[in-house]
Amino acid sequence: MRKPMIAGNWKMHKTLTEARTLVAGVLDKLDESAEVDVLICPPVQLLFPMAKSIANSKIMLGAQNVHEEASGAYTGEVSVAMLKDTGCSHILVGHSERRHVFGESGDRLAKKVRAVVQGGLIAIYCIGETLEDREAGRTTVVIDQQIDEVLASDVSAEHLIIAYEPVWAIGTGKTASPEQAQDVHAHIRTRLGSVYDEATAQKLRILYGGSVKPGNAASLLTQVDIDGALVGGACLVAEDFTAIISAVLAAA
Ligand code: PEP
């Protein structure tokens, strides 16, 4: 019922030449007819050239961040309309590095999600607890807070994807076990049911992120409430990214 998605967050990696090589490698191995959405989120300077590289393929283009205002004196920032111009269909909002390295608050993320959705693009809203939260037994409290402070019925669920990314698993090589991830995904879906309604929550895609690799993808992606993956490190290597795409297809 929910079409899986594999999304790659390139973070601050790849020059133009490196990016072209990576995308060519992914396209070479990609089954265009496969029932999976594939998204790449390169850094902003690569959006226009990557839009060209993926033209006529099933790969979609996403951005890693956006400013909440439509225009103005915001040096170094880009708006939803500017990203739309490049060919982006999706924008990550609230990635843990934006929250914890750049100090983005729930208030700010609520504005960003609304700017993306009102601009007609899809927001991939990232949530997740720190190791400290998990060890203190506060995982679901933090998740609920991150959902409640940003999402409400005015945010069209058709323009929304959730990514659950436990902060302690991002870029660390530590992955949540399939059971740990499934438990939180199920909790998120229930919570989304109270923001929207049960039927809407059943339709919303919830991706897992946090050191997803070819070797652990299948066990995570077979969990009932895990609808795909947001991949960091492994999306920078064409063979690894395409192996994760194959794993989600095998799990379907
Ligand atoms: C991410 O950056 O969203 C991520 C999940 O990174 P990694 O796969 O490297 O943990």
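What counts, and at which threshold
- Residues numbered from 1 in each chain as written.
- Predicted model: local features only at pLDDT ≥ 70, side-chain atom pairs only at ≥ 80, totals over all residues.
- Heavy atoms only, no water.
- Phe/Tyr/Trp six-rings, centres within 6.5 Å; stacked < 30°, edge-to-face > 60°.
- Lys NZ or Arg CZ within 6 Å of the ring centre and 35° of its normal.
- Helix = DSSP H or I, 4+ residues; strand = E, 2+ residues; numbered from the N terminus.
- Contact = heavy atoms within 4.5 Å.
- Buried < 20%, exposed > 50% of the residue type's maximum accessible area, 1.4 Å probe, protein only.
- Polar contact = N/O pair within 3.5 Å; in protein donor to acceptor, adjacent residues only side chain to side chain.
- Pairing = 2+ DSSP bridges.
- 1 Å grid on protein atoms, 1.4 Å probe; cavity = no way out; pocket = protein on both sides within 12 Å on 5 of 7 lines; lining within 4 Å.
- Points joined across faces, edges and corners; volume = space filled by probe spheres on them.
- Near = heavy atom within 4 Å.
- Areas by Shrake-Rupley, 256 points an atom, 1.4 Å probe, with all protein chains shown as cover.
- Nonpolar A, V, L, I, M, F, W, Y, C, P; charged D, E, K, R; others polar.
- Axes fitted to C-alpha atoms, helices over the stretch in contact; angles between N-to-C directions.
- Left-handed = near helix turned anticlockwise from the far one by under 90°.

A.B. asks: Explain the packing of aromatic side chains to me, using residue names and the numbers behind them.
C.D. replies: Overall, the coordinates contain one aromatic pair when judged by the stated rule. Seen from the ring of phenylalanine 102, arginine 98 lies directly overhead, with NZ or CZ sitting 4.0 Å from the centre.

A.B. asks: With reference to specific residues and values, describe the side chain of serine 96.
C.D. replies: Looking at the secondary structure, you find serine 96 in helix H4 (residues 96-100). Filtering out sequence-adjacent residues up to four positions away, serine 96 remains in contact with Val101, Val167 and Ile170.

A.B. asks: Got a sec to walk through the side chain of aspartate 144? Specific residues and values, please.
C.D. replies: Take aspartate 144: it is sitting in helix H7 (residues 139-148). Relative accessible area serves as the criterion here: at 13%, aspartate 144 is assigned to the buried category. For aspartate 144, the side chain forms a polar contact with the side chain of histidine 187, separated by 2.6 Å. Leaving out residues up to four positions away in the same chain, aspartate 144 has contacts with His187 and Arg191.

A.B. asks: Would you mind going over the pairing of strand S5 (residues 122-127) in detail, with residue names and values included?
C.D. replies: Within S5, six of the six residues are buried, which leaves it mostly tucked inside the rest of the structure. Burial along S5 is two-sided: the face carrying Ile122, Ile124 and Cys126 and the face carrying Ala123, Tyr125 and Ile127 are both buried. Pairing of S5 with strand S6 (residues 160-164) involves five bridges; the strand directions are parallel. The residue bridging alanine 123 from the neighbouring strand is leucine 160, located in S6.

A.B. asks: An account of the layout of surface pockets is needed here, citing residue identities and associated values.
C.D. replies: The computed volume of the largest pocket comes to approximately 560 Å³. Looking at the largest pocket, it is lined by 21 residues, and the ones nearest its centre are Lys11, Gln64, Asn65, Arg98 and Phe102.

A.B. asks: Lay out the site of the ligand with the relevant residues and their values.
C.D. replies: Near the ligand lie 14 residues; those nearest to it are Lys11, Glu165, Gly171, Ser211 and Gly232. Within the side chain of histidine 95, a nitrogen or oxygen atom sits 2.9 Å from an oxygen atom of the ligand. Glycine 171 has a polar backbone atom sitting 2.6 Å from an oxygen atom of the ligand. For the ligand, the protein covers 97% of the area, taking 290 Å² as the surface of the free molecule. Across the shell around the ligand, the residue classes tally to four nonpolar, eight polar and two charged.

A.B. asks: For the sheet that holds strand S7 (residues 206-209), give the residues involved together with the corresponding values.
C.D. replies: Spatially, the eight strands close up into a barrel ordered S1-S2-S3-S4-S5-S6-S7-S8, and their pairing is parallel. With direction set aside, neighbouring strand axes in the sheet form an average angle of 25°. With four bridges connecting them, strand S1 (residues 5-9) and strand S8 (residues 228-231) associate as parallel partners. Bridging from a neighbouring strand, glycine 8 pairs with valine 231 of S8. On top of the sheet, H7 reaches S5 and S6; it is set at about 150° to S5, its chief contact. Together, S5, S6 and S7 form the strand contacts of helix H8 (residues 178-195), whose direction differs from that of S7 by roughly 145°.

A.B. asks: Any details on the packing of H7 against H8? Residues and values, ideally.
C.D. replies: When two helices pack together, their arrangement is given by the angle between the helix axes and the distance between those axes. Between H7 and H8, the least distance of the axes is 10 Å, while the angle of their chain directions is 35°. Our pair here, H7 against H8, has a crossing hand that is right-handed. Note on element contacts: H8 touches H7 through Val184, His187, Ile188, Arg191, Leu192 and Val195, opposite Thr139, Thr140, Ile143, Asp144, Ile147 and Asp148.

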